[in-house]
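# Observations on chain architecture
Here are the chains, one letter per residue:
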Amino acid sequence: MIKITFNAFSFLRENLKKQNIPYINSIMELPEHYTPNALINDLGYEEGKVEFVFINGKVHPKNTELKDGDRVALVPPGTPGSYRLMLGAKKIEKLED
């Protein structure tokens, strides 16, 4: 098992609040070899509801294997264009295509 610190942004929080799942600096215990894609699915988000994922403050592909102690944040679509470049989301989109 690994432990991560989890955060969700914007309207992603509404879904978690309905399920009584903490979404601000929440400690989660997850199986080894777990990915953000698995987390997104397990939290009940439909395809496209999470645009990109921060792991330890940097944008990573959703199939990145999480490690013990990682800080993970889910970001929904709709981040303004200039912020997308600044956050690194534009580069990741090209990697996932």
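Scroll up to find the structure this text is about.
The present account deals with the structure reproduced in this document. Because the structure is predicted, anything quoted here is derived from the model rather than measured.

## Concerning the pairing of strand β1 (residues 2-8)
In terms of residue burial, β1 counts as a mostly covered element, since six of its seven residues are buried. Pairing of β1 with strand β2 (residues 26-30), which is carried by five bridges, proceeds in the antiparallel orientation. Residue pairing for β2: Ile-2 is matched across the bridge by Leu-30. As defined by bridge partners, β1 adjoins strand β5 (residues 71-75) across four bridges and the pair is classed as parallel.

## As for the sheet that holds β1
Strand order in the open sheet formed by five strands is β2-β1-β5-β3-β4, and the pairing between neighbours is mixed. Edge strands, defined here as strands with exactly one partner in the open sheet, are β2 and β4 (58-60). Put simply, the sheet's adjacent strands are angled 35 degrees from each other on average, direction ignored. Pairing analysis gives four bridges linking strand β3 (residues 52-55) to β5, with the strands arranged antiparallel. In the sheet register, Phe-52 faces β5, and the bridge partner there is Val-75.

## What to know about the nonpolar core
Ranked by internal contacts, the top residues of the largest apolar core, which has 20 residues, are Ile-4, Phe-6, Leu-39, Leu-43, Tyr-45, Leu-66 and Leu-74. Of all the secondary-structure elements, those providing two or more residues to this core are β1, α1 (12-18), β2, α2 (36-42), β3 and β5. Per element, the largest residue contribution to this core is four residues, and it comes from β1. With residues near it in sequence (within four places) discarded, Leu-39 still touches Ile-4, Phe-6, Met-28, Tyr-34 and Val-72. Of all hydrophobic cores here, the second largest spans five residues; its members include Phe-52, Phe-54, Val-59 and Ala-73.

## Here we look at the layout of surface pockets
Computed from the structure, the largest pocket encloses a volume of approximately 170 Å³. Together, Phe-11, Leu-12, Glu-14, Asn-15, Lys-18, Gly-44, Tyr-45, Glu-46 and Lys-49 line the largest pocket. Taken together, the residues of the lining of the largest pocket sort by class into three nonpolar, two polar and four charged.

Parameters and conventions
- Residues numbered from 1 in each chain as written.
- Predicted model: local features only at pLDDT ≥ 70, side-chain atom pairs only at ≥ 80, totals over all residues.
- Heavy atoms only, no water.
- Buried < 20%, exposed > 50% of the residue type's maximum accessible area, 1.4 Å probe, protein only.
- Helix = DSSP H or I, 4+ residues; strand = E, 2+ residues; numbered from the N terminus.
- Pairing = 2+ DSSP bridges.
- Axes fitted to C-alpha atoms, helices over the stretch in contact; angles between N-to-C directions.
- Core = buried A, V, L, I, M, F, W, Y, C linked by side-chain atoms within 4.5 Å.
- Contact = heavy atoms within 4.5 Å.
- 1 Å grid on protein atoms, 1.4 Å probe; cavity = no way out; pocket = protein on both sides within 12 Å on 5 of 7 lines; lining within 4 Å.
- Points joined across faces, edges and corners; volume = space filled by probe spheres on them.
- Nonpolar A, V, L, I, M, F, W, Y, C, P; charged D, E, K, R; others polar.

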